Amino acid sequence: MDSSILWITPICRWTDARGSSSFGDRLPAGFDAKLYNAQIPAQKEYFRLSIDLLGQRQVPWLKAQLQTNTTRIFQILSGLLGEERLRQVELNVRVFEHKADYRNYAQSKGSARSADAGGFYTTLGNEAVTFQYPDDEQPLEVLRHEAVHVIVAGMLGVNTPLWLNEGLAVYFETLQTGGQYGNVMVNEHYLALARQSIDKGYPRQFTDLLTLTAENWYEKNQSTHYALGWGWCIF
């Protein structure tokens, strides 16, 4: 098992000519980059991560990518929230070597539905869980998605609306990191819907959403909410 504490550093965001959003620790040349969370003191500890690869087949690449990807996700979401709303977040990642062992573990957690899925999360143990696929990239994508659920629950609480939680998870599924940078592919449909909604007066900033009433959060237009849950990382 590998445990670590994240020390928050500034994160920048910019969009390239293809519409992909990128994140990095340094301002790139030639882009109008927005600094996400430079105001957060570096000495504060907010994110505790453990990664447990269960079984004989160890995949060092997977463990390294999981650490990089999940800490990057936490940094980006921290920048959206701001220091005053940050909470201590713990994330425990479990990757089973065999699907049968994964299924047994999911059932032991009381979820037959999760046993038939490709991965699941639980806020009781702050866990994101999957198994090793033939394609090494697949468990990484699954765990990016499930890890977001755990991180969002830690930051905003377990009663966060499904559309927001799922929208953010879908957004970060495609996160790719390399060196100092991270890249997320843009969903053009969600982007168009998000722009239209904001033009009509929908809250523009992520933190504005947190001031809405419960009725606003759960009103009938869930498809727009879902797109905006994804889109707040763009705007």
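Residues numbered from 1 in each chain as written. Predicted model: local features only at pLDDT ≥ 70, side-chain atom pairs only at ≥ 80, totals over all residues. Heavy atoms only, no water.

Enquirer: Summarise the pairing of strand β7 (residues 119-122); cite the residues concerned and give the values.
Expert: In this structure, β7 lies alongside strand β8 (residues 127-131), joined through 4 bridges in antiparallel fashion. Opposite threonine 122, over in β8, you have glutamate 127 as the bridge partner. Two successive antiparallel strands, β7 and β8, enclose a turn made up of 4 residues, where asparagine 126 displays a positive phi of approximately 50°. (Pairing = 2+ DSSP bridges. Helix = DSSP H or I, 4+ residues; strand = E, 2+ residues; numbered from the N terminus.)

Enquirer: Describe in detail the packing of aromatic side chains, supporting the description with residues and values.
Expert: Throughout the structure, instances matching the rule amount to 7 aromatic pairs. With 5.9 Å between their ring centres and 50° between their planes, tyrosine 102 and phenylalanine 120 make a pair best called tilted. Of the two residues, tyrosine 102 sits in helix α2 (residues 99-108) while phenylalanine 120 sits in strand β7, which places them 18 residues apart along the sequence. One aromatic cluster in this structure is built from Phe96, Tyr102, Tyr105, Phe120, Phe131 and Tyr133. (Phe/Tyr/Trp six-rings, centres within 6.5 Å; stacked < 30°, edge-to-face > 60°.)

Enquirer: So what's going on with the packing of helix α4 (residues 137-156) against helix α5 (residues 162-172)? Residues and values would help.
Expert: Remark: α4 packs on α5, axes separated minimally by 8 Å, with the N-to-C direction vectors making an angle of 135°. The angle between α4 and α5 falls in the class oblique. When the axes of α4 and α5 are compared, the crossing they make is right-handed. Between α4, through Arg144, His145, Val148, His149, Val152 and Leu156, and α5, the contact on the second element is made entirely by Leu164, Asn165, Glu166, Leu168, Ala169, Val170 and Phe172. Across the contact of α4 with α5, the residue classes break down as 8 nonpolar, 3 polar and 2 charged. (Axes fitted to C-alpha atoms, helices over the stretch in contact; angles between N-to-C directions. Parallel < 35°, antiparallel > 145°, perpendicular 65-115°, else oblique. Left-handed = near helix turned anticlockwise from the far one by under 90°. Contact = heavy atoms within 4.5 Å. Nonpolar A, V, L, I, M, F, W, Y, C, P; charged D, E, K, R; others polar.)

Enquirer: An account of the side chain of threonine 130 is requested, with residue identities and associated values reported.
Expert: On the secondary structure map, threonine 130 appears in strand β8. By relative accessible area, threonine 130 is classed as buried at 0%. A distance of 2.6 Å separates the side chain of threonine 130 from the backbone oxygen of glycine 118, its partner in a polar contact. Setting aside residues up to four positions removed in sequence, threonine 130 forms contacts with Arg94, Val95, Phe96, Tyr102, Gly118, Gly119, Pro139, Val142 and Leu143. (Buried < 20%, exposed > 50% of the residue type's maximum accessible area, 1.4 Å probe, protein only. Polar contact = N/O pair within 3.5 Å; in protein donor to acceptor, adjacent residues only side chain to side chain.)

Enquirer: Can you lay out the pattern of salt bridges for me, pointing to particular residues and giving the numbers?
Expert: Taken as a whole and judged by the stated rule, the model has 5 salt bridges. The partner of glutamate 127 in a salt bridge is arginine 94, and the shortest N-O contact between them spans 2.9 Å. Residue glutamate 127 is found in strand β8, and its partner arginine 94 is found in strand β6 (residues 89-96); the two are separated by 33 residues along the sequence. Here aspartate 116 ties to arginine 103 by a salt bridge, and the two come within 2.6 Å at their closest N and O atoms. (Salt bridge = Lys/Arg side-chain N within 4 Å of Asp/Glu carboxyl O.)

Honestly, it's all geometry; don't read function into it.
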